[in-house]
Amino acid sequence: QVQLVESGGGLVQAGGSLRLSCAASGRTFSRYAMGWFRQAPGKEREFVAAISWSGGSTYYADSVQGRFTIFRDNAKNTVYLQMNSLKPADTAVFYCAARTATIATMRTRDYNYWGQGTQVTVSS
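Rules used in this analysis
Residues numbered from 1 in each chain as written. Predicted model: local features only at pLDDT ≥ 70, side-chain atom pairs only at ≥ 80, totals over all residues. Heavy atoms only, no water. Helix = DSSP H or I, 4+ residues; strand = E, 2+ residues; numbered from the N terminus. Buried < 20%, exposed > 50% of the residue type's maximum accessible area, 1.4 Å probe, protein only. Polar contact = N/O pair within 3.5 Å; in protein donor to acceptor, adjacent residues only side chain to side chain. Contact = heavy atoms within 4.5 Å. Pairing = 2+ DSSP bridges. Axes fitted to C-alpha atoms, helices over the stretch in contact; angles between N-to-C directions. Core = buried A, V, L, I, M, F, W, Y, C linked by side-chain atoms within 4.5 Å.

Participant: Which residues make up the side chain of D110, and what values do they have?
Facilitator: Within the fold, D110 resides in the loop between β9 (92–99) and β10 (113–114). Taking the relative accessible area as the measure of exposure, D110 reaches 16% and is therefore buried. Here the side chain of D110 touches T105 through a polar contact of 2.8 Å, side chain to side chain. A distance of 2.8 Å separates a polar atom in the side chain of D110 from a polar atom in the side chain of R107. Apart from residues no more than four positions distant in its own chain, D110 is found in contact with R99 and T105.

Participant: Describe the environment of T108, naming the residues involved and giving the relevant values.
Facilitator: Structurally, the position occupied by T108 is in the loop between β9 and β10. Judged by relative accessible area, which is 31%, T108 ranks as partly exposed. For the pair T108 and R45, spaced 63 residues apart in the sequence, the C-alpha separation amounts to 7.9 Å. Residues contacting T108, with those up to four places away along its chain left out, are F37, R45 and W114.

Participant: Break down the sheet that holds strand β1 (residues 4–7) for me, with residues and values.
Facilitator: Backbone-to-backbone hydrogen bonds join strands into a sheet, with any given pair of strands oriented parallel or antiparallel. Across the sheet, which stays open at both edges, the four strands sit in the order β1-β3-β8-β7 with antiparallel pairing between neighbours. Of all the strands in the sheet, just β1 and β7 (68–73) have a single pairing partner and so form its edges. The sheet shows a mean angle of 15° between the axes of neighbouring strands, direction not considered. As judged from the six bridges shared by strand β3 (residues 18–24) and strand β8 (residues 78–83), these two strands associate in the antiparallel manner. Along β8, the bridge assignment pairs C22 with V79.

Participant: Just give me the short version of the pairing of β7, but keep the residues and values in it.
Facilitator: Across the two faces of β7 the burial differs, with F68, I70 and R72 buried and T69, F71 and D73 not buried at all. Relative to β8, β7 runs antiparallel, the two being bridged by six bridges. Looking at the pairing, F71 lines up with Y80 of β8. Where β7 hands over to β8, the hairpin turn is made up of four residues, of which N77 adopts a positive phi near 50°.

Participant: Can you break down the nonpolar core residue by residue, with the values?
Facilitator: If you look at the biggest cluster of nonpolar residues, it comprises 37 residues, and the most contacted ones within it are L4, M34, W36, V79, L81, M83 and F94. Elements with a minimum of two residues in this core: β3, β4 (33–39), β5 (46–51), β7, β8, β9 and β11 (118–123). With residues up to four places along the chain from it excluded, the contact list for V79 reads L20, S21, C22, F29, M34, W36, I51, I70, F71, R72 and C96.

What follows is the structure, given as structure tokens:
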């Protein structure tokens, strides 16, 4: 069993930055691929970014490419999402997810464990 706890959300003006953190329990964190997803009101949950177990491979949605960076610290059992140049369209609840496999994917259904989410609001 893996428990994920997100933090770092909040209210920021357009053009600003936030760093989300996701702390994971369990000793097998380093074997899991991790992902960030988001869900805006009235919309389906969508892929944002993902990272392989080693951090050697990363994937991004087109909408965040070049603005967001996913990285992880396996010694701290934590994955991060650095978000720069934020836009009002980025407003959503952001979720951290763990996949019990080493290879990351962009599909929601491939992830086995989910955090409770953290709200990110970007004002114009």
